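What the coordinates show
Listed here are the chains, written in short residue letters.
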Amino acid sequence: MAAMAPGGASSSEIYKGNAPRLLLPTWVVIGVFLLVPVALMAIYSFLTKEFRGGVIWEFTLAAYDQFFLDRGLFGDEPPSIEWTYITIFWRSIWQAGLATVLCLLIGFPTAWFIATRDARMRTVWLLVVTVPYWVNLLIRTVSMKFLIRDEGPLNAFLLWTGVIDQPLGLINTNLAVQLGLFYSYLPFMVLPIYAAVERYDFALSEAAADLYADRWTILRLVILPVVKPGLVAGCILVFVPSLGAFLAPDLLGGAKSFMIGSLIEEQFKGAAGNWPFGAAAAMILMTIVMIVLLVYARSQTREAAA
Amino acid sequence: MRQLDLRRFPGFFAVTMLCVVVLYAPLMVVAVYSFNASSSITLWGGFSLDWYADVFTGPEAPKFRVAAMNSLIIAVLAGCGATIIATAAAVAMHRAGRFRGKTASFALINLPLMVPEVVTAVASLIFFTAIGFSGGVGTILLAHLTFCIPFAYLPIAARMQSIPDAYEQAAMDLYATPWEAFRLVLLPLMMPGIFSGFLLAFIISLDDFLITNFVKGAGVETLPTAIFGAVKQGIKPNIMAISTLMLGVSVVFVTLSWLIGRSGQRDKA
Amino acid sequence: MNVPLLGYEPINGWYHPGKEKQFRGWFGIVTGTVISIDRVVKSFGTFTALHEVSLDIADNEFFTLLGPSGCGKTTLLRCIAGFEPVSGGQIRLHGEDIAPLPPFKRPVNTVFQHYALFPHMTVLENVMFGLQRLGWSVVDAEGRAKQALELVHLSQFLKRRPGQLSGGQQQRVALARALAPEPKVLLLDEPLSALDLKLRQAVRMELKQIQRETGIAFVFVTHDQEEALTMSDRIAVMSDGHVQQIGTPREIYEAPANRFVADFIGETNLIEVPVLGIEGGMAEVSLPGGRALRCPTPLTGPVGQGVLSLRPERIDLCAPGEADLVVTATDQVYLGTDIQLKATLAGGQELTIRLQNALATRLPEAGTQVGLKLEAGAARLLAA
């Protein structure tokens, strides 16, 4: 190991002056194929819809109006708040939040358990927990649907054992969606918590125990505050993709668990065919996500400064 | 040691086991049912490989074969492209000192991770439609290349950060030009990171459904969109066989990347 | 007397045979200047790491840059190697300014602090690396590399990877790798700091011997004064980006130029005294208690007040009647070979005295008055 110690590595400036050349491809690709499209999408959300899909280049606030305000069937009533889409967004936030809590409740003990194994078993356990993440998300979601549907193996097993006498009716419920989201993003929760716990200095636990704290008091007053950055990072990593998820709500949820992802998809691929409205919904989703990330980034820099 | 092990919390092992069961039960059930002789997806009719035969020779075989080829070609090209772009970016971010626009560049590299997938999908669809580009596989490839960059960047940058620049300084002290120092010293040392970066980008590309579904031209399918289309009409046993095959491919890839990562660590020792 | 030490002459690159004709000298005898640091300034933003540093390093010399961490010694080394561009001044190699050259165009090689051996190459490949960059053929490079490894007694490990070697062996490979291209100057950046104490002491002598055998000028950076004193032909003591003193180990220990050097090299007692007069390198000062003392000094002009440096090992006990200083003993520390005696002057100032253990049978009890005799060379007057 002696040969590796970085020894301060004060200034990595070996290729100083080459940064523009080296970063040019990144700027071109992400700039042209993400930054420009997002800007274009923002513009589209202010354009007039074309009924066959697409837009007419006329500026209007109609998409946002449709999202937030109800003007009656023929658009001639005094505007009141339109709850349909706000409800869908609220449900998405709620579902994503519950999935995040579920991930946290399962993810923390799992990450803790893994991080306290010896080095060799740790890699094995990490592999065990991350392998499903490498399996295609669609296939995982389909597998979940297959498992929990009313005629599926889960219900068959429970009926056979006599635990239940009729199918659980899990499929097409909010719970199924939460389960699907949990299943999709659990590794995102486990890995950052694991990284935080691995760095945790167990002398802190010993110090707390020496000062008369019992096991659960140590967890509450010492461990959780110390590994909090890992917990927060995990929650962000689960919450953000859950919010805009499409596959889990689409395949596992019913009409009552319609989420943002499906709402937007319907505007472009489905029957609704309202591009400006879809763009506006996407803008609102992106705004929410950016606010979450900004608040997170701010708290990070504050913590780093403290 | 037995009386008070502060690393141990009662119930944590049980939760971990629950976690593992939840993660693996659906995949295992599907894998088992893919060997079902019965065409019913509910009843067990004995072991058979019929559905695997169906995947390769059945009526839907040509459709899935084309979709699989598309997926593979896109994943290889997008993976390679993203790996090269990310390697150059990592060198700039970790070996070029401070420069104007560094923070902005870092944000840009990570932008595809921060923008929700469905938003990227919508924006890409609008963009490709607006410029009148509906190249089928071409649009998918460009979209994949874009969102694969941060995934390739993560392991490459992590690896590069762990390589002290003393190695390149030593090379240049021994009369290597900057390009030789990169080619003969930095690049070989980065190789495990570059492999992991490529594998991650490759898997992510193979995994994508939502963005592909938005930007794909009419009639062009990748494996996930083809499976999604089929699932919409009900889960059939041949889908379970395909899923199991893809599960196998994923396991092979994880093992591969794990082994490469381990050899990288051995290099360091 | 120009012996091609490793038996080969470099084929091309920076090597100019004409310039090598000058007499290199015998062991330790300095003949010509190889590196001339001329008013080199280095600043990082608003922080100035080197303030117009000037020093000459001779051919065939073991030269040490010594100072506490942050004094600028490593920065100076990196400036010579070419890793840090200088902000001002010249670095001349045989009279040519090399400051504008990138590191790979300087005939100077470095042994890095943590060796920086390429982990993906074998020991032999590591040592061949520089030679191949200079355009040597594989056969020639291999021959020279093997000789260089022989010089450091590592011929049996050619095919090993650096990771399979011990710290001491890695250090030798790093040395062989830097020596193989026969640089004009070898730079060593605290190369012993990663070794454990016993090994460090053994390697010191070996390093010094290799320097003599090869005749290459070594510039050695360390914060360890014992290392510097035992190995160097000359030492430059640095602090805060300034060179405080350049001299042989004996000179900087026996005749420190200022308060910093006296304090940093070895142990010393510093007490403020009024100066009675200075003439011809000798000063007359008034000791606490009233006795006058003549002692050497680097100062010239008339000064009212100075600092007297008293080396603890050159102070002895005596009867209070014939004493230079009278103190009250306060404490003793047992150090094995020595015993350290702590005492205070009447003014409350603490003094440390080192007595050899064998002679220290008559140690004063704490609280008793003791007379101190300043032996020859014990005192030196420095600027306050």
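Residues numbered from 1 in each chain as written. Chains lettered and ligands numbered in written order. Predicted model: local features only at pLDDT ≥ 70, side-chain atom pairs only at ≥ 80, totals over all residues. Heavy atoms only, no water.

This is how it is decided: UniProt positions are given in the numbering used here, feature names are shortened, and annotations may be inferred rather than shown by experiment.
An unreviewed UniProt entry annotates chain B as Spermidine/putrescine transport system permease protein PotC of Salipiger thiooxidans. Checking UniProt for chain B, the heading Sequence similarities (unreviewed entry) contains the comment "Belongs to the binding-protein-dependent transport system permease family. CysTW subfamily."

Chain A is annotated in an unreviewed UniProt entry as Spermidine/putrescine transport system permease protein from Salipiger thiooxidans. Under the heading Sequence similarities (unreviewed entry), UniProt records this for chain A: "Belongs to the binding-protein-dependent transport system permease family. CysTW subfamily." A UniProt comment under Subcellular location (unreviewed entry) is attached to chain A, and it reads "Cell membrane".

Considering a nonpolar patch on the surface
Residue and element names in this part refer to chain B. Stated precisely, the cut-off is as follows: By definition, no residue in a patch forms a salt bridge, and every one has over 30% relative accessible area; like charges are joined within 9 Å, nonpolar side chains (Val, Leu, Ile, Met, Phe, Trp, Tyr) within 5 Å. The protein chains shown are the only cover counted for residues, whose accessible areas, like all others here, come from Shrake-Rupley with a 1.4 Å probe. Definition used for salt bridges: Asp or Glu carboxyl oxygen within 4 Å of a side-chain nitrogen of Lys or Arg. Comment: elements are numbered from the N terminus, with helices defined as DSSP H or I runs of at least four residues and strands as E runs of at least two. Remark: exposure states derive from per-residue accessible area (1.4 Å probe, protein chains only) relative to the maximum for the residue type, with buried under 20%, exposed over 50%, and partly exposed in between.
A cluster of nonpolar side chains, namely Met 69, Leu 72, Ile 73, Val 76 and Leu 77, defines an oily patch on the protein surface of about 410 Å² accessible area. Note on placement: Met 69 falls in helix α3 (residues 61-95). Residue classification places Met 69 among the partly exposed residues on the basis of a relative accessible area of 44%.

Some words on the packing of aromatic side chains
What counts here: A pair of aromatic rings is counted whenever rings of Phe, Tyr or Trp (Trp by its six-membered ring) have centres within 6.5 Å, and the orientation is called stacked for planes under 30 degrees apart, edge-to-face for over 60 and tilted otherwise. By the criterion adopted, a ring carries a charge over it if an Arg CZ or a Lys NZ lies within 6 Å of its centre and within 35 degrees of its normal.
Scanning the model with the defined rule gives 43 aromatic pairs over all chains in all. Note on A:Phe67 and A:Phe68: the rings are 4.8 Å apart at their centroids and 65 degrees apart in plane angle, and the pair reads as edge-to-face. Exposure remark for A:Phe67: the relative accessible area of 2% places this residue in the buried category. On the basis of an interplanar angle of 90 degrees and a centroid distance of 5.2 Å, the ring pair of A:Phe113 and A:Trp125 is categorised as edge-to-face. Of this pair, A:Phe113 sits in helix α3 (residues 83-115) while A:Trp125 sits in helix α4 (residues 119-134), and the two are 12 residues apart along the sequence. When its relative accessible area of 8% is taken as the criterion, A:Phe113 is described as buried. Through pairs of rings, three or more aromatic residues link up here, namely A:Phe108, A:Trp112, A:Tyr200, A:Phe202, A:Trp216, B:Phe9 and B:Phe12. Here the guanidinium or amino end of B:Lys63 rests over the ring plane of B:Phe64, the centre of that ring lying 5.2 Å away.

Looking at the environment of C:Gly163
With respect to the helices, strands and loops of the structure, C:Gly163 is situated in the loop between α3 (138-151) and α4 (167-179). A residue is classified by how much of its surface remains accessible, and C:Gly163, at 43% relative accessible area, is partly exposed.

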